[in-house]
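So you can see what is in the structure, the chains are spelled out below.
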Amino acid sequence: MSAPRAIPHHIAIVMDGNGRWATRRYLPRVAGHKKGVDALRNCVRHCGDVGVKVLTVFAFSSENWNRPPEEVSGLMELLAVALAREVPQLQSEGVRIHFVGDRSGLSEKVRNGLAHAEAVTAANQRLVLNICFNYGGRWDIAQAAARLAARGEAITELSLNRAMALAHVPDPDLVIRTGGEMRISNFLLWQGAYSELYFTDKLWPEFDAAALDAAIADYAKRERRFGRTSEQVTGPGHGRKVA
Ligand code: IPE
Ligand code: IPE
Ligand code: MG
């Protein structure tokens, strides 16, 4: 529990900066999102290669509906196209895809694409890829509480945890945000309680294998204390159960 494994089991990423990447090149914003899919493909591959077991990415937030309609429809189209194009390769790499978010707000085409990607990759075990789309941390907490209430179940940390959209994986060890902003923007509000945070100015389309290695190297230097003291974590009593 104390000293982190050198390689985080679960990495979560706020893939930010696509729009700025495109604008700096006098391209439409959606060109940045397309380039972002390339960065994600490389990131998934590298995570699998270095032994990360779960990768959770923020692709579209509950608040991103407030963007110009052409950008929103471009992102919806891109998700459907990217899923159809990438699934065979992900399948051969042993990647299991999970959709995380509110499906009810999505078109039938997008919903079908997600369901197909999940079904085709369901038996894969090398890397879990959680795609957070139409996702918000507040939505997740509220939907979990509403489901428990509807079943007449008591609301406890454990029951909420089990009703949340990421109940199938342990909490993220490392949360990365590209694009230079130092905020969470409604990502993993519950599950990120004890995640190590890593911010980089690199824009998401520029985030390559070396950038991921740098984030993992930074993580490996952290001391995760989970509320204990440093002495408890690293001292002579290390490893003993603390009352
Ligand atoms: C992140 O890139 C992708 C989505 C939010 C869909 P942005 O589109 O937010 O890029 P910037 O922050 O405007 O550069
Ligand atoms: C967060 O990025 C959401 C995703 C990366 C999908 P935003 O660009 O939407 O975040 P804000 O608006 O700058 O906080
Ligand atoms: Mg942004």
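Quantities reported herein were computed from a predicted structural model and do not represent experimental measurements. (Residues numbered from 1 in each chain as written. Chains lettered and ligands numbered in written order. Predicted model: local features only at pLDDT ≥ 70, side-chain atom pairs only at ≥ 80, totals over all residues. Heavy atoms only, no water.)

Draft legend 1. Local environment of the packing of helix α3 (residues 69–92) against helix α4 (residues 108–120). Two elements in contact, α3 and α4, have axes separated by 9 Å at closest approach and are oriented at 15°. Between α3 and α4, the crossing angle belongs to the class labelled roughly parallel. Considering only the axes of α3 and α4, their crossing is left-handed. Contacts from Met76, Glu77, Leu79, Ala80, Leu83, Val87 and Gln91 of α3 reach α4 at Lys109, Val110, Gly113, Leu114, Ala117 and Val120. The residue inventory of the contact of α3 with α4, partitioned by class, reads 9 nonpolar, 2 polar and 2 charged. (Axes fitted to C-alpha atoms, helices over the stretch in contact; angles between N-to-C directions. Helix = DSSP H or I, 4+ residues; strand = E, 2+ residues; numbered from the N terminus. Parallel < 35°, antiparallel > 145°, perpendicular 65-115°, else oblique. Left-handed = near helix turned anticlockwise from the far one by under 90°. Contact = heavy atoms within 4.5 Å. Nonpolar A, V, L, I, M, F, W, Y, C, P; charged D, E, K, R; others polar.)

Draft legend 2. Main features of the environment of asparagine 161. Relative to the helices and strands, asparagine 161 resides in helix α6 (residues 157–163). In this structure, the C-alpha to C-alpha distance between asparagine 161 and alanine 145, residues 16 residues apart in sequence, is 9.8 Å. Look past the residues within four positions of asparagine 161 in its chain and what remains in contact with it is Ala167 and Trp190.

Draft legend 3. Up close: the packing of aromatic side chains. One pass over the structure, following the stated rule, counts 8 aromatic pairs. Ring geometry for tyrosine 135 and tryptophan 139: centres 6.2 Å apart, planes at 75°, overall edge-to-face. Exposure remark for tyrosine 135: the relative accessible area of 0% places this residue in the buried category. Taken together, a centroid distance of 5.3 Å and an interplanar angle of 40° make the contact between tyrosine 194 and phenylalanine 226 tilted. Taken together, the residues tyrosine 194 in the loop between β5 (174–177) and β6 (196–199) and phenylalanine 226 in the loop between α7 (209–220) and α8 (230–234) connect sequence positions 32 residues apart. (Phe/Tyr/Trp six-rings, centres within 6.5 Å; stacked < 30°, edge-to-face > 60°. Buried < 20%, exposed > 50% of the residue type's maximum accessible area, 1.4 Å probe, protein only.)

Draft legend 4. Summary view of the site of ligand 2. Near ligand 2, the surroundings consist of Val14, Met15, Asp16, Phe58, Ala59, Phe60, Asn64, Arg67, Arg177, Arg183 and Ser185. Within the side chain of aspartate 16, an N or O atom sits 3.2 Å from an oxygen atom of ligand 2. Side-chain polar atom of asparagine 64 to an oxygen atom of ligand 2: 2.9 Å apart, as the coordinates give it. Burial of ligand 2 by the surrounding chains reaches 78%, relative to a free accessible area of 390 Å². Broken down by element, the shell around ligand 2 gets its largest block of residues, 3 residues, from strand β2 (residues 54–61). The class makeup of the residues in the shell around ligand 2 is 5 nonpolar, 2 polar and 4 charged. (Near = heavy atom within 4 Å. Polar contact = N/O pair within 3.5 Å; in protein donor to acceptor, adjacent residues only side chain to side chain. Areas by Shrake-Rupley, 256 points an atom, 1.4 Å probe, with all protein chains shown as cover.)

Draft legend 5. A look at the sheet that holds strand β1 (residues 10–14). If you walk across this open sheet you meet the 6 strands as β3-β4-β2-β1-β5-β6, and the pairing is parallel. Both edges of this open sheet fall to β3 (95–100) and β6, since each of them pairs with a single strand only. Sheet twist, expressed as the average angle between the axes of neighbouring strands with direction ignored, equals 20°. Of the pairings in the sheet, the one linking β3 to strand β4 (residues 127–135) comprises 6 bridges and is parallel in character. Note on β4: the bridge partner recorded for valine 100 is cysteine 132. (Pairing = 2+ DSSP bridges.)

Draft legend 6. Region of interest: the nonpolar core. Within the largest apolar cluster, 40 residues are counted, with the highest numbers of intra-cluster contacts made by Ile11, Ile13, Leu55 and Ile176. Ranked by residue count, the leading element in this core is α3, at 7 residues. With residues up to four places along the chain from it excluded, the contact list for isoleucine 176 reads Ile11, Ala12, Ile13, Val14, Tyr198, Phe207, Leu212 and Ala215. Among the nonpolar cores identified, the runner-up in size contains 13 residues, and Ala12, Val14, Cys132 and Tyr135 belong to it. (Core = buried A, V, L, I, M, F, W, Y, C linked by side-chain atoms within 4.5 Å.)

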